[in-house]
Amino acid sequence: MKHSEWREQYFEKVAASSEEGAAAVRFVKEKQVRVGLKRARKSVGAFWVWGRAFYLNKAHYTEESALINPRAWTLFVHETRHLQQGAATAISVYGELDAWQVEFRLLKKLTGHTLKPELEELLSLPLSFNRPVLKRARQLMMRHAGFWYGAWILPLYPIHKEILYWFTRKQFD
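Residues numbered from 1 in each chain as written. Predicted model: local features only at pLDDT ≥ 70, side-chain atom pairs only at ≥ 80, totals over all residues. Heavy atoms only, no water.

A.B. asks: An account of the overall build of the chain is needed here, citing residue identities and associated values.
C.D. replies: For the chain, the helix and strand inventory stands at 9 helices and 3 strands. Reading the secondary structure of the chain in the N-to-C direction produces α-α-β-β-β-α-α-α-α-α-α-α. In terms of C-alpha radius of gyration, the chain reaches 16 Å, essentially the compact-globule figure of 16 Å for 173 residues. Its C-alpha atoms give the chain principal-axis dimensions of roughly 55 × 35 × 30 Å. Taking all 173 residues of the chain together, the buried fraction comes to 48%. Of all intrachain contacts in the chain linking residues separated by at least 6 positions in sequence, the fraction that spans at least 24 positions is 52%. About 9,300 Å² of surface is accessible on the chain, with carbon and sulfur atoms providing 55% of the total. Positive and negative charge centroids in the chain, built from 27 and 17 side chains respectively, lie 6 Å apart. (Helix = DSSP H or I, 4+ residues; strand = E, 2+ residues; numbered from the N terminus. Rg over C-alpha atoms; globule rule 2.2 N^0.38 Å. Buried < 20%, exposed > 50% of the residue type's maximum accessible area, 1.4 Å probe, protein only. Contact = heavy atoms within 4.5 Å. Areas by Shrake-Rupley, 256 points an atom, 1.4 Å probe, with all protein chains shown as cover. Lys, Arg positive; Asp, Glu negative; His and termini not counted. Charge placed at Lys NZ, Arg CZ, Asp CG, Glu CD.)

Pasting the structure below:
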């Protein structure tokens, strides 16, 4: 199958999965985001890159499996959320918490399954700039995805807010 044919089938599956999926596909098409499969470290399900592109990890997905696996559809929504956030937010624990919550709420909705305890707790956290909440989110992400996921290296806030916090020690609302 040609890549363009697969991509259109993948878009159709994601869009048909949910309202969130349909909105993500619209965004990707409007912004002409490249979508594909590339190998990455095992702790990553999918990843975005500079220049409006994101990829499912070939270590976990094939073109065929991405068309039938709800997790591949929710990762599409997760990575699209990062592109919507912009790089400064996406590369922060706050941005990851937002994207993880969107992804795993949708996965629960699509599968009807209870998630692992750390993911259920992550879904219960408020999306806020509260530093203890963001530190807990980081711990839960690392428990679920492991050290090499890299959450430990991310600033809690988007970098411009993180720098301001370190100078002023004022938390954001």
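Structure shown, so let's carry the discussion forward.
A.B. asks: Help me get a handle on the sheet that holds strand E1 (residues 34-38), residues and values and all.
C.D. replies: Strand pairing in a sheet takes place through backbone hydrogen bonds and is either antiparallel or parallel in direction. Spatially, 3 strands are ordered E1-E3-E2 in an open sheet, and the strand pairing comes out mixed. A single partner strand is all that each edge strand has here, and the edge strands are E1 and strand E2 (46-49). Direction aside, the axes of adjacent strands within the sheet are offset by 25 degrees on average. Pairing between E2 and strand E3 (residues 53-57): 4 bridges, direction antiparallel. Residue Val-49 lies in a different strand from E3, and its bridge partner there is Ala-53. Seen against the sheet, helix H1 (residues 3-17) touches E1 and E3 and runs at an angle of roughly 105 degrees to E1. (Pairing = 2+ DSSP bridges. Axes fitted to C-alpha atoms, helices over the stretch in contact; angles between N-to-C directions.)

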